[in-house]
Amino acid sequence: MSALLEATNLRRHYRVRAGQGLFAPKAVLRAVDGVSLALRPGRTLGLVGESGCGKSTTGKLVLGLVPPTSGTVHYRGQTLPPVGTPAWRGLRRHIQMVYQDPLGALDRRLPIGTQIGEPLVIHEQTTATERRDRALAAMESVGLQRHQYERYPHELSGGQRQRVVLARALMTGPDLLVCDEPISALDVSIQAQVVNLLLDLQERLGIAYLFISHDLKVVRQVSHDVAVMYLGRIVEQGEAESLFAAPAHPYTRALVAAIPTVDFGGGPKRERMLLQGDPPNPVNVPSGCAFHTRCPFATAQCRAEAPTLQPLAGGRMVACHRVHEPALQVAA
Ligand code: SF4
């Protein structure tokens, strides 16, 4: 099956001041540094990593909201047009974004029904009656009640507000949603409801998700494929089930080991591998493998040479010099 969305060697670099004060020297912040991704129709690609690893910037790059320093994005085989052009606006009806903070994404002064119907004002010629009818249908499809049409965002719970955002995103019949930490601002009890809703919408409507999150537990629930980012680069990607069962990159292994589980005893013991320290400053990325400052398996080669993504069995790609070494597997 051909890719719905394909990003190739995406880079986004920023010139920033390397220190305090007006005359501090300029440096390059490599927010995204050579990311390639492919997402098939109706599938979910989970993009995971710690805060500041570049996953949200990657989401904005594939939407065209941030122009790349270099690299390309193709949607259904077509190059993404420049942001703001009529061609880009036409394409945006097929690719929508769901943000972390639903209250910030909504206008507090407008009833939610009006806001859900807004995309039709931008993308289609519709009457007010049509907009209302379709907004009500969208509300029902995400589990909101018709009588809530005239409610304002502050009158709803966090979970209901995220349903409003989803209903609005669905109005133009998108086939791709870029979900940037869509549940991390919600109470834990509500998170499961929104995850179930996303899964249900995918099954009913065949929508693909680029699901950006730092929460591996949730990514594991929703994703068919996973890409793990560290300091602007993908260090491991592959099919979700096998990646969570047998993570290969030391960074992925540490992230998977940190997923909370309930231990009822009797089962096999999980690998314990704790991440040491914070991620380095992206303005000053370590030489060689960027993970070497935190990796218990780092060697002189790791400190000198940056590893590239290499294929493993089952379509897995891993950027680690030592991934094929049995010694590394035993040491873990
Ligand atoms: Fe660790 Fe070296 Fe692999 Fe990087 S390349 S993850 S430092 S073993």
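About the cut-offs
- In every chain, residue numbers begin from 1 and rise along the written sequence.
- The model is predicted, so local features are restricted to residues of pLDDT at least 70 and side-chain atom pairs to those at 80 or more, both for listing and for counting; the totals for chains, interfaces and linings are taken over all residues.
- To obtain the side-chain values, all non-hydrogen atoms of the structure were included, while hydrogens and water were left out.
- Each residue is tested against the molecule or strand, and it is near if at least one of its non-hydrogen atoms lies within 4 Å.
- The residue classification treats Ala, Val, Leu, Ile, Met, Phe, Trp, Tyr, Cys and Pro as nonpolar and Asp, Glu, Lys and Arg as charged. All others, Gly included, are polar.
- Angles shown run from 0 to 180 degrees and are taken between the N-to-C directions of axes, each axis being a line fitted to C-alpha atoms and, for helices, limited to the stretch in contact.
- Counting from the N terminus, the helices are DSSP H or I runs at least four residues long and the strands are E runs at least two residues long.
- The cut-offs work like this: below 35 degrees is roughly parallel, past 145 is roughly antiparallel, 65 to 115 is roughly perpendicular, and the gaps in between are oblique.
- Put simply, a crossing is left-handed when the front helix is turned counterclockwise from the back one by less than a right angle, and right-handed when it is turned clockwise.
- Contacts are assigned to residue pairs with any non-hydrogen atoms lying within 4.5 Å of each other.
- Put simply, a patch holds well-exposed residues, over 30% relative accessible area, that have no salt bridge, with like charges counted together within 9 Å and Val, Leu, Ile, Met, Phe, Trp or Tyr side chains within 5 Å.
- Calculation of accessible area relied on Shrake-Rupley with a 1.4 Å probe; when residues are assessed, cover is drawn exclusively from the protein chains displayed.
- Think of a salt bridge as a Lys or Arg side-chain nitrogen and an Asp or Glu carboxyl oxygen that are within 4 Å of each other.
- Think of it this way: DSSP has to see at least two bridges between two strands before they count as a pair.

J.: Pulling in residues and values, what's your account of the site of the ligand?
T.: As a structural note, the neighbourhood of the ligand is formed by H249, P250, C289, F291, H292, C295, F297, A298, C302, C320, H321 and R322. When grouped by side-chain class, the residues that make up the shell around the ligand number eight nonpolar, three polar and one charged.

J.: Quick one: what's the story with the packing of helix 4 (residues 112-123) against helix 5 (residues 128-141), residue by residue and with numbers?
T.: The geometry of helix 4 relative to helix 5 is characterised by a closest axis approach of 9 Å and an angle of 115 degrees between their N-to-C directions. Between helix 4 and helix 5, the angle is such that the two are roughly perpendicular. Between helix 4 and helix 5 lies a crossing of right-handed hand. Residue-level contacts link I112, G113, I116, G117, L120 and V121 of helix 4 to R131, R134, A135, A138 and M139 of helix 5. The residue inventory of the contact of helix 4 with helix 5, partitioned by class, reads seven nonpolar, two polar and two charged.

J.: Describe in detail a nonpolar patch on the surface, supporting the description with residues and values.
T.: Taken together, L65, V83 and Y99 make up a surface patch of nonpolar side chains, about 230 Å² in accessible area. Tracing the sequence through the fold places Y99 in the loop between strand 6 (95-98) and helix 3 (102-105).

J.: An account of the sheet that holds strand 2 (residues 26-39) is requested, with residue identities and associated values reported.
T.: With antiparallel pairing, the four strands of this open sheet are ordered in space as 2-1-4-5. Strands with a single pairing partner mark the edges of an open sheet, and in this sheet they are strand 2 and strand 5 (78-79). Pairing of strand 1 (residues 5-17) with strand 2, which is carried by eleven bridges, proceeds in the antiparallel orientation. Each bridged residue has a counterpart across the sheet, and for H13 the counterpart in strand 2 is R30. The strands touched by helix 1 (residues 55-63) within the sheet are strand 1, strand 2 and strand 4 (70-75), with strand 1 carrying the most contacts at an inclination of about 120 degrees.

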